Amino acid sequence: MTWFGAVVLVVGWLAGWVLAWHLPTLAATAAPSDTSTSITVIVPARDEERSLPLLLADLASHRRPPDQLVVVDDGSTDGTAAAVRAHHGATLVTGLPLPPGWAGKPWALDQGVAAATGDLLVFIDADVRLAPGALDGLVTAHAGRGGEGLLSVAPWHATERWWERFSALPNLVAVMGTGAAWPGRHGRTDVAFGPCLAIGRADLARVGGMAAVAGEVIEDVALARRVAALGLPVTAVAGAGLVSYRMYPNGPRQLVEGWTKNLAAGAGGTPPAALAAAVLWVGALVSSLPGALMGLIDADRARIGLAVIGYLAFAAQLTVLLRRVGRFGPSPVLLHPLHGLVFMALVARSAWLLVVRRQVRWRGRDLAVGRGRPGPPRPEGQRA
């Protein structure tokens, strides 16, 4: 490792602290102080028979359950619909066929909104878990921001199997790229975390509803940009012990497809400064490995020493930062150069799909990316 490399390492390490400085944490409340606002929770579900009953049970356990719970069965081939029917009080919307120009999740959410009656709409993915007080805390936090704009929660990422650990760096970089954790931002951003977010019905109508982001693969980022363009607040908070999920429990292939989709579609929504700083951070993080190898080849103790210092510095940093976004075990800390290389491979695969194929595959659907255009308006007569 040269002295120039050492400077890059130090600057990259410092960039990591700046990018992930502090993300406000969602606070639990026994019950929202404002009970006059009606709440509709909308859950898009596609082949979620295993995870959906857990979320429905979580919602039912709240001191104040939502006034309305709508689950949209988005073309499931398993027992998702049966799971909804077994839950007392949930409204099942059987999703209509996907119209041309629409991505799957925006279309499911659009049908859920059409069936909703609440003033505040809360979108929650089927694999999310809510601890007692989480929904109440989300409603209170939205009301505390004047009851306007978009509030999203970055779920705390719980992992169990070895391949899930490789979500550690993508998860952390996703938080870094929002800008919400930067010093002085206090969660203010112009992007959002899609697994859990809240927006008033009137504000959603002002941006044109889900039809405004119909063709977007990463509809949360697109929706946040449109909300921010109206001068309304967009805020992100950390789920900590209240809102959690397992992102890719079904195997390495699901993880690769999922992060490929997110990275390919989300790259254009990341501020250039944040993107450059995140690239610098990841590059510095993996630099200890080639630095150590070059030192061994050249029998250069100084290079080896700098590589060891860099390795220990990033291990210490990741020990602190990863605890803020999930439970990943020791491997992303101890083997962080390897995890960094895997992350770079995911980025390379995303770039190839974005530039060459211009589409990614997710949940059995081919999704267009890189076109930067919203889908067409909802077809007449296709409202749930």
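Throughout what follows, the structure given in this document is the object of discussion. (Residues numbered from 1 in each chain as written. Predicted model: local features only at pLDDT ≥ 70, side-chain atom pairs only at ≥ 80, totals over all residues. Heavy atoms only, no water.)

Description of the overall build of the protein chain
Then, in step 1: The secondary structure content of the protein chain amounts to 14 helices and 13 strands.
Then, in step 2: The 384 residues of the protein chain split such that 53% are buried.
Then, in step 3: In the protein chain, once contacts between residues fewer than 6 apart in sequence are set aside, the share between residues at least 24 apart is 79%. (Helix = DSSP H or I, 4+ residues; strand = E, 2+ residues; numbered from the N terminus. Buried < 20%, exposed > 50% of the residue type's maximum accessible area, 1.4 Å probe, protein only. Contact = heavy atoms within 4.5 Å.)

Re the sheet that holds strand 11 (residues 326-327)
Then, in step 1: Reading across from one edge, 5-10-7-11 is the order of the four strands in this open sheet, with mixed pairing throughout. Of all strands in the sheet, those with a lone pairing partner are strand 5 (128-130) and strand 11, marking the two edges.
Then, in step 2: The pairing of strand 7 (residues 156-158) with strand 10 (residues 243-245) spans two bridges and is classified as parallel. From the neighbouring strand, Trp156 faces strand 10, where its bridge partner is Ser244. (Pairing = 2+ DSSP bridges.)

Regarding the layout of surface pockets
Then, in step 1: In this structure, the second largest pocket occupies an estimated 680 Å³ of space.
Then, in step 2: Lining of the second largest pocket is provided by 24 residues; of these, Glu48, Ser51, Pro249, Asn250 and Gln254 occupy positions nearest its centre.
Then, in step 3: Only strand 10 and helix 9 (252-266) provide two or more residues apiece to the lining of the second largest pocket.
Then, in step 4: Of the residues forming the lining of the second largest pocket, the biggest block, three residues, is contributed by helix 9.
Then, in step 5: Residue composition of the lining of the second largest pocket, by class: six nonpolar, four polar and 14 charged. (1 Å grid on protein atoms, 1.4 Å probe; cavity = no way out; pocket = protein on both sides within 12 Å on 5 of 7 lines; lining within 4 Å. Points joined across faces, edges and corners; volume = space filled by probe spheres on them. Nonpolar A, V, L, I, M, F, W, Y, C, P; charged D, E, K, R; others polar.)

Observations regarding the nonpolar core
Then, in step 1: Counting 40 residues, the largest nonpolar core has Val122, Ile124 and Val243 as the members making the most contacts within it.
Then, in step 2: Looking at this core, the element that brings in the most residues is helix 5 (residues 134-144), giving five residues.
Then, in step 3: Excluding residues that lie within four positions of it along the chain, Val243 makes contacts with Leu26, Val128, Arg129, Leu130, Ala134, Val153, Pro155, Trp156 and Cys196.
Then, in step 4: One finds Ala278, Trp281, Val325 and Val333 within the second-largest nonpolar core, a separate group that totals 32 residues. (Core = buried A, V, L, I, M, F, W, Y, C linked by side-chain atoms within 4.5 Å.)

With respect to empty space enclosed by the protein
Then, in step 1: On inspection of all chains with the given rule, the structure shows one cavity of 30 Å³ or more.
Then, in step 2: Considered as a void within the structure, the largest cavity measures approximately 50 Å³ in volume.
Then, in step 3: Looking at the largest cavity, the residues that line it are Lys105, Leu109, Phe123, Ile124, Asp125, Gly194, Leu197, Met210, Glu219, Asp220 and Leu223.
Then, in step 4: At the level of elements, helix 4 (104-115), strand 4 (120-124) and helix 8 (219-229) are the ones that each hand at least two residues to the lining of the largest cavity.
Then, in step 5: At three residues, the largest contribution of residues to the lining of the largest cavity is made by helix 8.
Then, in step 6: Residues belonging to the lining of the largest cavity are distributed by class as follows: six nonpolar, one polar and four charged.

Quick notes on the packing of aromatic side chains
Then, in step 1: Taken as a whole and assessed by the stated rule, the structure comprises five aromatic pairs.
Then, in step 2: Where Trp162 meets Trp163, the ring centres are 5.8 Å apart and the plane angle is 85°; that geometry is what we call edge-to-face.
Then, in step 3: Note on Trp162: relative accessible area 55%, which makes it exposed.
Then, in step 4: Pairing Trp162 with Phe166 gives two aromatic rings, centres 6.5 Å apart and planes at 90°, and the pair type is edge-to-face.
Then, in step 5: Grouping aromatic residues by their ring pairs yields a cluster made of Trp162, Trp163 and Phe166. (Phe/Tyr/Trp six-rings, centres within 6.5 Å; stacked < 30°, edge-to-face > 60°.)

Digging into the pattern of salt bridges
Then, in step 1: On inspection of all chains with the given rule, the structure shows eight salt bridges.
Then, in step 2: Among the salt bridges present, the one from Glu219 reaches Lys105, with a minimum N-O distance of 3.4 Å. Placement of the pair is Glu219 in helix 8 and Lys105 in helix 4, with a sequence separation of 114 residues.
Then, in step 3: Between Arg246 and Glu164 there is a salt bridge, with the nearest N and O atoms lying 2.6 Å from each other. Here Arg246, found in the loop between strand 10 and helix 9, pairs with Glu164, found in the loop between strand 7 and helix 6 (168-178); they are 82 residues apart in sequence, far enough to count as distant.
Then, in step 4: Judged by relative accessible area, which is 1%, Glu164 ranks as buried.
Then, in step 5: Residues joined by salt bridges that share partners form a network here, namely Lys105, Asp125 and Glu219. (Salt bridge = Lys/Arg side-chain N within 4 Å of Asp/Glu carboxyl O.)

A few points about the side chain of Gln254
Then, in step 1: Relative to the assigned elements, Gln254 resides in helix 9.
Then, in step 2: By relative accessible area, which is 15% here, Gln254 ends up buried.
Then, in step 3: Of the polar contacts made by the side chain of Gln254, one reaches the backbone nitrogen of Asn250; its length is 2.9 Å. (Polar contact = N/O pair within 3.5 Å; in protein donor to acceptor, adjacent residues only side chain to side chain.)

Remarks on the packing of helix 6 against helix 10 (residues 272-286)
Then, in step 1: Two elements in contact, helix 6 and helix 10, have axes separated by 9 Å at closest approach and are oriented at 150°. As summarised for this structure, helix 6 and helix 10 are arranged roughly antiparallel, according to the angle between their axes. Judged by the sense of rotation from one axis to the other, the crossing of helix 6 with helix 10 is right-handed. From helix 6, Leu169, Leu172, Val173, Met176 and Gly177 reach across to helix 10, where they touch Ala274, Ala278, Trp281, Val282 and Leu285.
Then, in step 2: Classifying every residue of the contact of helix 6 with helix 10 by side-chain character gives nine nonpolar, one polar and no charged. (Axes fitted to C-alpha atoms, helices over the stretch in contact; angles between N-to-C directions. Parallel < 35°, antiparallel > 145°, perpendicular 65-115°, else oblique. Left-handed = near helix turned anticlockwise from the far one by under 90°.)

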